[in-house]
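Residue-level listing of the chains:
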Amino acid sequence: MKPDCKFCKMKSPAAELLKPDEIDTLEQNCAQVKFSKGETIFREGTFATNIVYLRAGLVKIHMKGPIGEKILRLNKAPAYLGLPTTFGDRVNHYSATAITESEVCFISLDAFKNFIYSNGNFAYEIIMDLCRSELADFQRFTNLSQKQLPGRIAELLLCFSNHLFKSNAFELPLSITELANFVSASRESVSRQFSELSRLGIIELTHDKKLTILRKDMLDKISTNG
DNA sequence: GCATTAACCACAG
DNA sequence: CTGTGGTTAATGC
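Note that the coordinates shown come from a computational prediction; the quantities given were computed from them, not determined experimentally. (Residues numbered from 1 in each chain as written. Chains lettered and ligands numbered in written order. Predicted model: local features only at pLDDT ≥ 70, side-chain atom pairs only at ≥ 80, totals over all residues. Heavy atoms only, no water.)

Asker: Got a minute to help me understand the pairing of strand E8 (residues 102-108) in this structure?
Answerer: One face of the sheet, then the other: side chains in a regular strand alternate in exactly this way. Among the seven residues that make up E8, six are buried, leaving the element largely enclosed by the rest of the structure. Where strand E1 (residues 30-35) and E8 come together, six bridges link them in antiparallel fashion. In the strand pairing of E8, Lys34 is matched with Glu103. Sheet analysis places strand E3 (residues 50-56) next to E8, joined by six bridges and oriented antiparallel. (Buried < 20%, exposed > 50% of the residue type's maximum accessible area, 1.4 Å probe, protein only. Helix = DSSP H or I, 4+ residues; strand = E, 2+ residues; numbered from the N terminus. Pairing = 2+ DSSP bridges.)

Here is the structure:
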């Protein structure tokens, strides 16, 4: 699909700083693709030949661990999906899979590099973006490794509610098994934890994975004391 | 010891 | 893929 970068409403903060001639270059070096739920956008172990930008949708970033699959984070549009995997090495160190229908722009690596060399403001935005996600990751991984399971689950639900969906009611974007891979726990333990939270009246979870947070105050407490 | 936490196994829906 | 029950190893009081 032919992109229309000039008038794109989903430009990244960095791309907003590109000059008109650079936008033209971007347009000529960018391909827009739709992915449906469950489709792989790029796969661990394959060559990373493009910059991948998520302009719509929700994506999970995941990699194979010694035991099994590990979900590293969820990315909501707008976001670059593969900067570390593209600049850090020639092969992808992780995979990206669409969780909802998604729209992705593949940008030629050379064009993107040239923007970084020639446009300092652009480069600065990219660095900020990378730093913010590194800080968020540091926070998440220390919390993950030091909180007990109830705290990890509570934190995850609060994150969904506060940042991802900005609502107290939402549909769980991942299966229980995936949630377990996300918080580094067994699927059985996660399942039990949800039962427990329901039993205590803190959440309500229907069979079609619609979740409502009834007692956010309790979740906050569990997340903190985790 | 005794209690708690969470993984592993098995089996049913 | 989920949910539950039984069992078990590790850890803390």
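Back to the text.
Asker: What should I look at first to understand the packing of helix H5 (residues 149-164) against helix H6 (residues 176-183) in this one?
Answerer: Each pair of packed helices can be described by the angle between their axes along with the distance between the axes. As a packed pair, H5 and H6 sit with axes 11 Å apart at the nearest point and diverge in direction by 110°. Considered as vectors, H5 and H6 are oriented roughly perpendicular to each other. Where H5 abuts H6, its residues Leu149, Arg152, Ile153, Leu156 and Phe160 lie against Leu179, Phe182 and Val183. (Axes fitted to C-alpha atoms, helices over the stretch in contact; angles between N-to-C directions. Parallel < 35°, antiparallel > 145°, perpendicular 65-115°, else oblique. Contact = heavy atoms within 4.5 Å.)

Asker: For this particular structure, what's the right way to read the layout of surface pockets?
Answerer: Over the atoms, a rolled probe matching the size of one water molecule traces out where space is still vacant. In this structure, the largest pocket occupies an estimated 1100 Å³ of space. Within the residue set of the lining of the largest pocket, elements represented by two or more residues are strand E5 (69-76), strand E6 (79-80), helix H2 (83-87), helix H4 (120-146), H5 and H6. Broken down by element, the residue count for the lining of the largest pocket peaks at twelve residues, all from H4. Among the residues making up the lining of the largest pocket, the classes are represented as 21 nonpolar, seven polar and eleven charged. Both domains that meet at the lining of the largest pocket, namely domain 1 (5-139) and domain 2 (146-225), each give it at least three residues. Of the volumes computed, that of the second largest pocket is approximately 290 Å³. Taken together, 13 residues line the second largest pocket, and the ones lying closest to its centre are Leu72, Arg73, Pro84, Tyr94 and Asp137. Counting only elements with at least two residues in the lining of the second largest pocket, the list comes to strand E4 (58-64), E5 and H4. Class assignment for the residues of the lining of the second largest pocket results in seven nonpolar, two polar and four charged. (1 Å grid on protein atoms, 1.4 Å probe; cavity = no way out; pocket = protein on both sides within 12 Å on 5 of 7 lines; lining within 4 Å. Points joined across faces, edges and corners; volume = space filled by probe spheres on them. Nonpolar A, V, L, I, M, F, W, Y, C, P; charged D, E, K, R; others polar. Domains from an automatic or database assignment.)

Asker: Looking at this structure, how should I read the protein's contact with DNA strand C?
Answerer: Neighbouring residues of DNA strand C: Ser175, Ile176, Thr177, Arg187, Glu188, Ser191, Arg192 and Ser195. In DNA strand C, atoms within 4 Å of the protein come from the sugar-phosphate backbone in 30% of cases. One of the backbone nitrogen or oxygen atoms of Ile176 is found 3.0 Å away from a phosphate oxygen of DNA strand C. A distance of 2.7 Å separates a phosphate oxygen of DNA strand C from a polar atom in the side chain of Ser195. Of all the secondary-structure elements, those providing two or more residues to the surface near DNA strand C are H6 and helix H7 (187-199). Per element, the largest residue contribution to the surface near DNA strand C is five residues, and it comes from H7. When the residues that make up the surface near DNA strand C are grouped by side-chain class, the tally is one nonpolar, four polar and three charged. (Near = heavy atom within 4 Å. Polar contact = N/O pair within 3.5 Å; in protein donor to acceptor, adjacent residues only side chain to side chain.)

Asker: Looking at this model, I keep getting lost on the protein's contact with DNA strand B. Mind explaining?
Answerer: Near DNA strand B you find Gln148, Leu149, Pro150, Ala185, Ser186, Glu188, Ser189 and Arg192, and these make up its full shell. Close to the protein, within 4 Å, the atoms of DNA strand B are drawn from sugar and phosphate at a rate of 60%. One of the side-chain nitrogen or oxygen atoms of Glu188 is found 2.9 Å away from a base nitrogen of DNA strand B. A distance of 2.5 Å separates a phosphate oxygen of DNA strand B from a polar side-chain atom of Ser189.

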